[in-house]
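Close look at the chain arrangement
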Amino acid sequence: MSVESIEDYLGAIYRLRQEATTPLPLSQLGEYFAFSPVSIHEMIQKLDRQGLVQYIPYRGVLLTAAGEEEAVALIQRHRIWERFLTDLLEFSWDEAHQLAEHLEHAAPQAVTQRLARLLGNPERCPHGGPIPPQPEAPGGRPLTEIAPGVQVEVLRIKPETPEALQFLQAEQLGPRALLRVLAHSAEHTLVETQERRVSLPATIAQTLWVIADFGF
Ligand SMILES: [Zn+2]
């Protein structure tokens, strides 16, 4: 098992879990990586033997203290690289995410620390993900759960799928965007910003995590 795939597993558990103390069902990891239940199960047992995760049969997987430390460092590197790639190198949101998937494994922690300092120690990635030591606060609800008429502010995009990142950047609907929900259908959510109306496919609307905003 390569260092890179170990890190990817720890990072995925960190991203997908509800809370640090709630076991993450292996089925969710299977969906995330598009791997079979058997191979996920094998990987998790290897990580358990290495002391990075605790596998609880029929319930799922938790990060141990050692696994948590590695996951936090990985997520921090990923999100700092994303900031650098979008803010200084002007890559698009989805390109930055894809490139950070590689750089997060390759760059030594010391390089990432200096990069963070250069960027003024940002607290969030371009998609709104908190950069450790900022806590991975649950924060907000998916746009699909917001009643029509309610005004909201976008907190983050999660999960950061290429389709969602491309669509939302083109529509300028990223963190801090203000919008009002007009209607939901099975396939779409219609919203309005101060300038225009946008129809979001449901698969994209559910990646937008928002909080109610009263200063629209
Ligand atoms: Zn991000």
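Conventions adopted
- Residues numbered from 1 in each chain as written.
- Predicted model: local features only at pLDDT ≥ 70, side-chain atom pairs only at ≥ 80, totals over all residues.
- Domains from an automatic or database assignment.
- Core = buried A, V, L, I, M, F, W, Y, C linked by C-beta atoms within 7 Å.
- Buried ≥ 20, exposed ≤ 12 C-beta atoms within 10 Å, placed from the backbone.
- Helix = DSSP H or I, 4+ residues; strand = E, 2+ residues; numbered from the N terminus.
- Contact = placed C-beta atoms within 7 Å.
- Pairing = 2+ DSSP bridges.
- Axes fitted to C-alpha atoms, helices over the stretch in contact; angles between N-to-C directions.
- Parallel < 35°, antiparallel > 145°, perpendicular 65-115°, else oblique.
- Nonpolar A, V, L, I, M, F, W, Y, C, P; charged D, E, K, R; others polar.

Segmenting the chain into domains produces domain 1 (3-63) and domain 2 (141-212). Distance between the C-alpha centres of domain 1 and domain 2: 30 Å.

Here we come to the nonpolar core. In terms of nonpolar packing, the biggest core is built from 30 residues, with Leu143, Ala164, Leu168, Leu173, Ile204, Leu208 and Val210 touching the most fellow members. At the level of elements, helix H4 (65-87), helix H5 (93-106), strand E4 (151-157), helix H7 (162-170), strand E5 (178-184), strand E7 (197-201), helix H8 (202-205) and strand E8 (208-212) are the ones that each hand at least two residues to this core. Once residues within four sequence positions are removed from consideration, Leu173 is found in contact with Val154, Leu168, Leu179, Val198 and Leu208. By size, the runner-up hydrophobic cluster in this structure holds 18 residues, among which are Ile40, Ile44, Leu52 and Val53.

Another aspect to go through is the sheet that holds E7. An order of E3-E8-E4-E5-E6-E7 is seen for the six strands of this open sheet, with the pairing classed as antiparallel. Both outer strands of the open sheet, strand E3 (141-142) and E7, are each paired with one neighbouring strand and no more. The sheet contact formed by E5 and strand E6 (residues 188-192) spans four bridges and is antiparallel. Within the sheet, the bridge partner assigned to Arg180 lies in E6 and is Glu192.

In this section: the environment of Gln98. Within the secondary structure layout, Gln98 lies in helix H5. Put simply, Gln98 and His78 are 20 residues apart on the chain and 9.8 Å apart in space, counted from C-alpha to C-alpha.

We now examine the packing of helix H1 (residues 3-16) against H4. Running from N to C, H1 and H4 point in directions that differ by 90 degrees, and their axes come no closer than 8 Å. By the angle between their axes, H1 is roughly perpendicular relative to H4. Residue-level contacts link Glu7, Leu10, Gly11, Ile13 and Tyr14 of H1 to Gly67, Glu70, Ala71, Leu74 and Ile75 of H4. Here the residues of the contact of H1 with H4 are counted per class, giving six nonpolar, two polar and two charged.

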